[in-house]
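As a plain string of letters, each chain reads:
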Amino acid sequence: MKIFFLFTFSTFFWSPFEQAAASVHYDKILTHSRIRARDQGQNVCALQQVMGTKKKYFSTCRNWYQGAICGKKATVLYECCPGYMKMDGMRGCPAVAPIDHVYGTLGIVGATSTQHYSDISKLRGELEGRGSFTFFAPSSEAWEQLNSEIHRNLIDNVNIELYSALHHHMVNKRMLTKDLKNGMTLVSMYNDQKLLINHYPNGVVTVNCARVIYGNQIATNGVVHVIDRVLTAVGNTIQDFIEVEDDLSSLRAAAITSDVLDILGKPGHYTLFAPTNEAFERLPRGLLERIMGDKVASEALVKFHILNTLQCSEAITGGAAYETLEGNTVEVGCDGESLTVNGVKMVKRKDIVTSNGVIHLIDEVLIPDSAKQVTELGGAQQTTFTDLMIQLGLASSLRPEGQYTLLVPLNGAFSDDTLRMDQRRLKTILQNHIINVKVGLNELYNGQELETIGGKLLRVFLYRTAVCIENSCMVRGSKEGRNGFIHILRQIINPAEKTLHEMLRNDKRFSVFLSLVKAADLDDVLSQPGKWTLFVPTNDAFKGLTDDDKDILIRDKNALRNILLYHLTQGVFIGSGFEPGVTNILKTIQGGKLYLKTVNDTLLINELKSRESDLMATNGVIHVIDKLLYPADLPVGNDQLLTILKKLIKYIQIKFVRGSAFKEIPLTFYNPSITQLTKLIEGEPEFKIVREGETITKVIHGEPIIKTYTKIIDGRPVEVTEKKVTEERIIQGPEIKYTRITAGGSDNEEKLKKLLEDEVTKVTKFIEGDGHLLEDEEIKRLLQGAGTEYTKVTKVIEGEPQIIEREIKKVHLEEAPVRKEQPTRRTQGGTARRRTRLAYP
């Protein structure tokens, strides 16, 4: 009884002391297991056992609530927590396990095979003697799973081989789980062999990748941890293993080519997923040759198989992402007894432990995005686009050494009608999704313009939770490859071709709205460059509007403008760019507010459904509605107007305040801000500031035509010299070249200086109506590509000059008697060439 009390006191003395210091993962998971089993009585722990196996775990919260480990269903067991035992007739585990020396403790924890082998190898005396040991004791099942040949060799030579193998499981000091730090290396009692310790966040503790399944059983001369496999000696480095393993010769060649092999010979804690020769042979030959011929790609390939952390298979109880030396991540998980990489069972042999890490042999080659061509980055949801790229010859036109950005719509964006189009049209559509430069997601900004390989300019719109390019917004999944980026889009991009005004004019659905726009003198607003969002009611919104009603509206221009400008807001707002379900408040040009949100991919404006969204114009976007919008807080003071509005608007109550008047809205809210270069067709450079509303008329004086002829005056021949001068007033010329340059910021404006010599006139940058003269040389460098912070767009508009007035003046220079008959002559070369100078406002 005294002895039992002593054992009990000793155990209780150690437990609080050790628990106070236990703040590492194993102890925390064990504490959670006790909490889960508190209804079963004191000192009971809840474990999960994988169905069909003997594997048991003190589980993490995730595994516990999933009811599964490694994707396999797990049953719940309740057992005494380590160090405690049951008593007959009592609930829970109220007694502590007896304390004994290490040899006796092996029997207490059920490691009877290890106890037996310690006895026959003459290790028992040491385990019962003085000292402080840590014994990582293989369970009886672990001995049964040991390779039969190795097992037989140990039993055949118990005094040397078996004795040494057991010593390899021992450390000459007591180490509890709290002392077993992740990445620690211990020295075993056999030949100073290394024992690699890993302590994972999920509570799993491993020694040379063997899992501790029952820890911290205190002995009088140390501690016993039961492990799930028999330890084998740690070999040399990962590099050493690769160099001698015949089945890894392809990996060895790739590692040497990319200068990565030497990394695996240095100290560290690596995990290598090593593809076998068979895995390399399954790769398309052209793909492997291209990667191996590109040192950057081959280095990325090899590093993508290496983790900078040591991940033993027994520590993986669920999927997790791990960063590779290449920089991207791989998903490592498990499926029953099998390890998975990126969701695929590919591990043929696991847990080859070396002095600087662990190796898992796999039967597939992992190819990172950074080693792929941009056309190879598409996933399962983008196959329609990538297949069309190949069929139409666009994939082969993208050079491996080039730089590209692919804007790839999802498969569902391609309708049957689109796929049935003529191949030339399809090719044009795809070209609108290929950018000639490499642009990452974090390099895109609002207002940016991207030029496609087809010459189209695509605008970028940046919102709080979305990035859109023209009418199509991105979804998650952008990737960077060896020669470019790929961004995934919801829809096919439709580049803008017409202004807002042209779109209204070409669509009969909007004829009534357009006639009101014209009556309100708002045509120019929708025609000029700008960034607008226009909510356009169809003709259906004006049903019941008589000609008299329309005349009343038109006569009250202030009222008409207030109504129409409530449909217009500054800025381009794409419907799919709004965060779903969240109300967005936009201020209109009229001054009132519009309330927008998207529900089930439908845009709502003041709770009215848009019938068609995201019709892109060169100066904005149109959202089609079938009701006339009106600000609910804007009162009407005219009975006639109230009657008209009530005919058209039935979804809100319009306020009536007799005598109230609509405010005047001057057309000063739009003033396009551009920078332009105007090319001179002939003549000296000329500089002129063109302000809003001005008309330029050029008067061109033709070269004089001098004629000499003979007239009979008073019966006498007289020689007459006459000069004929032609003047033409022209408002448009045959060729106008202008370049719009957008600066990256105010600090860059100083760089916009200098004119192109002999090519362009002076440059005028309009900033709030002020013209700033820019000088020659730096602009020349800028337009040659020296200034990467600017976007340059050059267009040439061709057409015949419009002559609005022609006047011919004749001037008599001289009259003299004829001395002799001479033929009439023209100046050399005939009619003189006119010099025409044209400026484009």
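Whatever comes next refers back to the structure up there.
No experiment lies behind these values; they were computed from the predicted model shown. (Residues numbered from 1 in each chain as written. Predicted model: local features only at pLDDT ≥ 70, side-chain atom pairs only at ≥ 80, totals over all residues. Heavy atoms only, no water.)

K.L.:
I would appreciate a short explanation of the packing of aromatic side chains in the present structure.
P.N.:
Think of a pair of aromatic rings as described by two things: how far the centres are apart, and how the planes are tilted against each other in angle. By the definition in use, this model includes 5 aromatic pairs. Arranged with centres 6.1 Å apart and planes meeting at 85 degrees, the rings of Trp532 and Phe669 form a pair that is edge-to-face. With Trp532 in strand S29 (residues 532–537) and Phe669 in the loop between helix H24 (639–648) and strand S37 (675–677), the pair connects residues that are 137 residues apart, well separated along the chain. Neither residue differs from the other here; Trp532 and Phe669 are each classed as buried. (Phe/Tyr/Trp six-rings, centres within 6.5 Å; stacked < 30°, edge-to-face > 60°. Helix = DSSP H or I, 4+ residues; strand = E, 2+ residues; numbered from the N terminus. Buried < 20%, exposed > 50% of the residue type's maximum accessible area, 1.4 Å probe, protein only.)

K.L.:
Which parts of the structure should I look at to understand the side chain of His168?
P.N.:
With respect to the secondary-structure elements, His168 resides in the loop between helix H9 (158–167) and strand S8 (170–171). Residue class for His168 comes out buried when judged on its relative accessible area of 4%. For His168, the residues in contact, after removing those within four places along its chain, are Ser188, Tyr190, Gln193, Lys194, Leu195, Asn208, Leu231, Thr232 and Ala233. (Contact = heavy atoms within 4.5 Å.)

K.L.:
Explain the pairing of strand S12 (residues 210–219) to me, please; I cannot follow it from the model alone.
P.N.:
If a strand is regular, its side chains alternate between the two faces of the sheet. Burial within S12 is extensive, with 7 of its 10 residues counted as buried. The antiparallel pairing of strand S11 (residues 205–207) with S12 creates a hairpin that spans 2 residues between the two strands, and Asn208 there sits at a positive phi of about 50 degrees. Sheet topology places S12 next to strand S13 (residues 222–227); 5 bridges connect them, and they run antiparallel. Bridged to Gln217 within S13 is Val224. (Pairing = 2+ DSSP bridges.)

K.L.:
What's the story with the pattern of salt bridges in this structure? I'm lost.
P.N.:
Oppositely charged side chains can pair when the atoms bearing their charge come close. Applying the stated criterion across every chain yields a total of 35 salt bridges. Across the salt bridge formed by Lys372 and Asp369, the nearest N and O atoms sit 3.8 Å from each other. Judged by relative accessible area, Asp369 falls into the partly exposed class, the value being 22%. Across the pair Glu470 and Arg459 runs a salt bridge, and its minimum N-O distance is 2.8 Å. Taken together, the positions of Glu470 in the loop between strand S26 (467–469) and strand S27 (472–481) and Arg459 in strand S25 (residues 457–462) put the pair 11 residues apart, joining distant regions of the chain. Both residues of the pair, Glu470 and Arg459, belong to the buried class. (Salt bridge = Lys/Arg side-chain N within 4 Å of Asp/Glu carboxyl O.)

K.L.:
Would you take a moment to explain the packing of helix H22 (residues 547–555) against helix H23 (residues 557–565) for this structure?
P.N.:
Each packed pair of helices is defined by two parameters, the angle between the axes and the distance between the axes. H23 packs onto H22 with a crossing angle of 95 degrees between their chain directions and a minimal axis gap of 5 Å. Between H22 and H23, the angle is such that the two are roughly perpendicular. Contacts between H22 and H23 pair Leu553, Ile554 and Arg555 from the former with Lys557, Leu560 and Ile563 from the latter. (Axes fitted to C-alpha atoms, helices over the stretch in contact; angles between N-to-C directions. Parallel < 35°, antiparallel > 145°, perpendicular 65-115°, else oblique.)

K.L.:
Which parts of the structure should I look at to understand the sheet that holds strand S24 (residues 449–451)?
P.N.:
Strand order in this open sheet of 7 strands is S23-S22-S28-S27-S26-S25-S24, and the pairing throughout is mixed. In the strand order of this sheet, the two ends are held by strand S23 (434–435) and S24, each with one partner. Where S25 meets S26, 3 bridges bridge the pair, whose relative direction is antiparallel. In the strand pairing of S26, Val460 is matched with Ile469. Against the sheet, helix H15 (residues 383–391) touches strand S22 (404–409) and S23, its axis set at about 125 degrees to S22.

K.L.:
Whenever I open this one, the state of the cysteines confuses me. Can you help?
P.N.:
Where two cysteines share a covalent bond between their sulfur atoms, that bond is called a disulfide. Summed over all chains, the structure comprises 5 disulfides. Each sulfur in the disulfide pair Cys45 and Cys81 lies 2.0 Å from the other. Here Cys45 and Cys81 share a disulfide; its torsion about the S-S bond, 105 degrees, makes the bridge right-handed. Taken together, the residues span a long stretch of sequence, with Cys45 in strand S1 (residues 44–50) and Cys81 in the loop between strand S4 (72–80) and strand S5 (84–85) at a distance of 36 residues. Relative accessible area serves as the criterion here: at 1%, Cys81 is assigned to the buried category. Each disulfide pairs two cysteine sulfurs, and for Cys468 the partner residue is Cys473, the sulfurs being separated by 1.9 Å. One disulfide, between Cys468 and Cys473, carries an S-S torsion of 85 degrees and so falls in the right-handed class. (Disulfide = S-S within 2.5 Å.)

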